[in-house]
Amino acid sequence: QVQLVESGGGLVQAGGSLRLSCVASGRTFTTRPMAWVRQAPGKEREFVAAISWSGGSTGYADSVKGRFTISRDNAENTVYLQMNSLKPEDTAVYYCAAARPGGSYYTVAREYPYWGQGTQVTVSS
């Protein structure tokens, strides 16, 4: 089991930046691929970015590629999402998610069985 707590969301103008953080409990964080997934009102959850357990491999949705960067600090049990050049369509609740130990990373939300409570990101035009 792993518990996840996100922070860093808020209200920002279009073109601005935010950095989300997710702190994980438990001793298996360093073996788990991690991801960020978002859900906008009335829409299904959407994969945003993922990172391998080592941090050596990352993957992004086309909609955020070149603007968002995922990273992790295994010594601090923390994964980050740096979001630059934000757009109104990035408005959503952002969730941190953990996969089962092992493997690289996955680009579909269903591969991540553990979720945080989410943090709201609102981008105004």
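Relevant structure appears above.
All values reported here derive from a predicted model rather than from experimental measurement.

## Concerning the sheet that holds strand S3 (residues 18-24)
For sheets, the rule is that strands pair by backbone hydrogen bonds, running either parallel or antiparallel.
Turning to step 1, where the next piece is worked out: Read across the sheet, four strands follow the order S1-S3-S8-S7 without closing on themselves; strand pairing throughout is antiparallel. The sheet is open, and its two edges are formed by strand S1 (4-7) and strand S7 (68-73), each paired on a single side. The mean inter-strand angle of the sheet, taken between neighbouring strand axes irrespective of direction, is 15 degrees.
Turning to step 2, where the next piece is worked out: Pairing analysis gives four bridges linking S1 to S3, with the strands arranged antiparallel. Across the sheet, residue Ser7 finds its bridge partner in S3, namely Ser21.

## A look at the packing of aromatic side chains
Turning to step 1, where the next piece is worked out: Inspection of the entire model under this criterion finds two aromatic pairs.
Turning to step 2, where the next piece is worked out: When the ring of Tyr95 is compared with that of Trp115, the centres are 6.0 Å apart and the planes differ by 75 degrees; the resulting orientation is edge-to-face. With Tyr95 in strand S9 (residues 92-98) and Trp115 in strand S10 (residues 114-115), the pair connects residues that are 20 residues apart, well separated along the chain.
Turning to step 3, where the next piece is worked out: A relative accessible area of 12% places Tyr95 in the buried class.
Turning to step 4, where the next piece is worked out: With 5.9 Å between their ring centres and 75 degrees between their planes, Tyr106 and Tyr112 make a pair best called edge-to-face.
Turning to step 5, where the next piece is worked out: On the basis of relative accessibility, which here comes to 1%, the residue Tyr112 falls in the buried class.
Turning to step 6, where the next piece is worked out: Sitting over the face of the ring of Tyr80, Arg19 holds its NZ or CZ atom 3.9 Å from the ring centroid.
Turning to step 7, where the next piece is worked out: In this structure, Arg45 packs its charged tip against the face of Tyr95, placed 4.2 Å from the ring centre.

## Remarks on the environment of Phe47
Turning to step 1, where the next piece is worked out: Residue placement: Phe47 occurs in strand S5 (residues 46-51).
Turning to step 2, where the next piece is worked out: The exposure class assigned to Phe47 is buried, which follows from its relative accessible area of 10%.
Turning to step 3, where the next piece is worked out: Note: C-alpha distance between Phe47 and Leu18 (29 residues apart in sequence) is 18 Å.
Turning to step 4, where the next piece is worked out: Contact partners of Phe47, with chain neighbours within four places excluded, come to Ala35, Trp36, Val37, Gly59, Tyr60, Ala61, Tyr106, Thr107 and Val108.

So, how was this worked out
- Residues numbered from 1 in each chain as written.
- Predicted model: local features only at pLDDT ≥ 70, side-chain atom pairs only at ≥ 80, totals over all residues.
- Heavy atoms only, no water.
- Pairing = 2+ DSSP bridges.
- Helix = DSSP H or I, 4+ residues; strand = E, 2+ residues; numbered from the N terminus.
- Axes fitted to C-alpha atoms, helices over the stretch in contact; angles between N-to-C directions.
- Phe/Tyr/Trp six-rings, centres within 6.5 Å; stacked < 30°, edge-to-face > 60°.
- Buried < 20%, exposed > 50% of the residue type's maximum accessible area, 1.4 Å probe, protein only.
- Lys NZ or Arg CZ within 6 Å of the ring centre and 35° of its normal.
- Contact = heavy atoms within 4.5 Å.

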